[in-house]
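Each chain, letter by letter, is given below.
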Amino acid sequence: MLTFCRRTLRVVERIEMTAAMVLFAVIILSIFAQVISRYGFSRPIVWVEEAATYAFIWIVFLGASIGMKRLSHIRIEALSLVLSARAQSVLRILGYGVMLFVAAYLCLRLPVVIGIESRSGSVSLPVQLPRMWFYSVPLFVSSLSIVLTLAYYLVAELASLCTDEPMTYIDGASIDDVAREGI
């Protein structure tokens, strides 16, 4: 079951990474088109900055969930370095539990915000879209992805603690690999 979850989260990570790269390309191409149209033809495209801002917001939240899957967010390990391997595992379980609680709470509260934001729309885009697609929805998608990732890490760490086998992360690395490589 954990193997299936790990593989599924790896697929989700690839989808998030692809979406982020596409959005990054959209930002670059649209701003390039804006520069050409403004300075080459003296006819600026009015919606480019808004579209680039919205794409950037999506990239930030997708990056947050990708960072959680790769465990690349900033963490302070001074305390854990002096603890035994078992105590480090318990500390990680506590950390994953707290983060899971916060992200899940955010997921539960966001539908109300999405409902409120659905009442206002974009300002200059050629098509009128509800603002929720650019503020609350990316946060919800990212938070949900983070919840699923943390749930996997929590269960995998608990299983590792019970079996005394190293935990396997989303990318297939074990805790020993992470410690050795500094990943």
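Residues numbered from 1 in each chain as written. Predicted model: local features only at pLDDT ≥ 70, side-chain atom pairs only at ≥ 80, totals over all residues. Heavy atoms only, no water.

As named in an unreviewed UniProt entry, the protein is TRAP transporter small permease protein, taken from Rhizobium meliloti. For the record of the protein, the UniProt heading Function (unreviewed entry) holds the text "Part of the tripartite ATP-independent periplasmic (TRAP) transport system." Recorded under Sequence similarities (unreviewed entry), the UniProt text for the protein is reproduced unchanged: "Belongs to the TRAP transporter small permease family." (UniProt positions renumbered as here; feature names shortened; annotations may be inferred.)

Colleague: Please clarify how the side chain of Ser143 should be interpreted in this entry.
Modeller: Relative to the helices and strands, Ser143 is located in helix 4 (residues 136-163). Those residues in contact with Ser143 that sit more than four places away from it in its chain are Ala103, Leu106, Cys107 and Leu110. (Helix = DSSP H or I, 4+ residues; strand = E, 2+ residues; numbered from the N terminus. Contact = heavy atoms within 4.5 Å.)

Colleague: I keep staring at helix 3 (residues 85-117) and nothing clicks. Help me out?
Modeller: Because each turn of an α-helix spans 3.6 residues, side chains separated by three or four positions end up pointing in the same direction. Between its first and last C-alpha atoms helix 3 spans 46 Å; for 33 residues at 1.5 Å apiece the expected length is 48 Å, and the two agree. Considering bend angle alone, the principal kink of helix 3 is centred on Leu110 and spans about 35°; proline Pro111 follows within four residues of it. For helix 3, every residue scored as buried is listed here: Ser89, Ile93, Tyr96, Leu100, Ala103, Cys107, Leu110, Ile114 and Glu117. On its buried side, helix 3 packs onto helix 4. (Expected span 1.5 Å × (residues − 1). Bend = angle between axes of the 7 residues up to and from the residue. Buried < 20%, exposed > 50% of the residue type's maximum accessible area, 1.4 Å probe, protein only.)

Colleague: I would appreciate a short explanation of the nonpolar core in the present structure.
Modeller: Taken as a class, soluble globular proteins show a tendency for nonpolar side chains to be buried jointly. Ranked by size, the top nonpolar core spans 19 residues in total, and within it Tyr96, Leu150, Tyr152, Tyr153, Met167 and Tyr169 carry the most contacts. Listing elements by their share of this core, those giving two or more residues are helix 3 and helix 4. Here the element with the most residues in this core is helix 4; it accounts for 8 residues. (Core = buried A, V, L, I, M, F, W, Y, C linked by side-chain atoms within 4.5 Å.)

Colleague: Would you mind showing me how to read the packing of helix 2 (residues 48-69) against helix 4 here?
Modeller: A pair of packed helices is captured by two measures, namely the crossing angle of their axes and the spacing between those axes. Following both chains from N to C, one finds helix 2 and helix 4 inclined at 0°, their axes separated by 9 Å at the closest point. With respect to their mutual orientation, helix 2 and helix 4 come out roughly parallel. Contacts between helix 2 and helix 4 pair Ile57, Trp58, Phe61, Ala64, Ser65, Met68 and Lys69 from the former with Val137, Pro138, Leu139, Val141, Ser142, Ser145, Ile146, Thr149, Leu150 and Tyr153 from the latter. (Axes fitted to C-alpha atoms, helices over the stretch in contact; angles between N-to-C directions. Parallel < 35°, antiparallel > 145°, perpendicular 65-115°, else oblique.)

Colleague: Explain the UniProt feature "transmembrane region" (unreviewed entry) in the protein here, please?
Modeller: Here, the residues flagged by UniProt with the feature "transmembrane region" (unreviewed entry) are residues 20-39, 51-68, 89-112 and 132-155. End-to-end, the C-alpha atoms of residues 89-112 are 36 Å apart, and along that stretch the chain is 100% helix and 0% strand. Here residues 132-155 runs as 83% helix and 0% strand, with 32 Å between its end C-alpha atoms.

Colleague: Before we go on, may I ask you to explain helix 4 in this structure?
Modeller: Over its 28 residues, helix 4 extends 40 Å from the first C-alpha to the last, a length consistent with the 40 Å expected when each residue adds 1.5 Å. Two residues or fewer past helix 4, Asp164 is found with a positive phi of approximately 60°.

Colleague: Please clarify how the packing of helix 3 against helix 4 should be interpreted in this entry.
Modeller: Packing of helix 3 against helix 4 leaves a shortest axis separation of 8 Å and a crossing angle of 155°. One element, helix 3, and the other, helix 4, form an angle in the roughly antiparallel class. For the crossing formed where helix 3 meets helix 4, the hand is left-handed. (Left-handed = near helix turned anticlockwise from the far one by under 90°.)

Colleague: I would appreciate a short explanation of unusual backbone geometry in the present structure.
Modeller: Apart from glycine, the bulk of residues carry a negative phi angle, and the bulk of peptide bonds sit in the trans form. Unusually for a residue other than glycine, Ser42 sits at a positive phi of about 55°. With respect to the secondary-structure elements, Ser42 resides in the loop between helix 1 (2-41) and helix 2. Residue class for Ser42 comes out exposed when judged on its relative accessible area of 60%. Positive phi outside glycine occurs at Leu71, with the angle close to 50°. A relative accessible area of 13% places Leu71 in the buried class.

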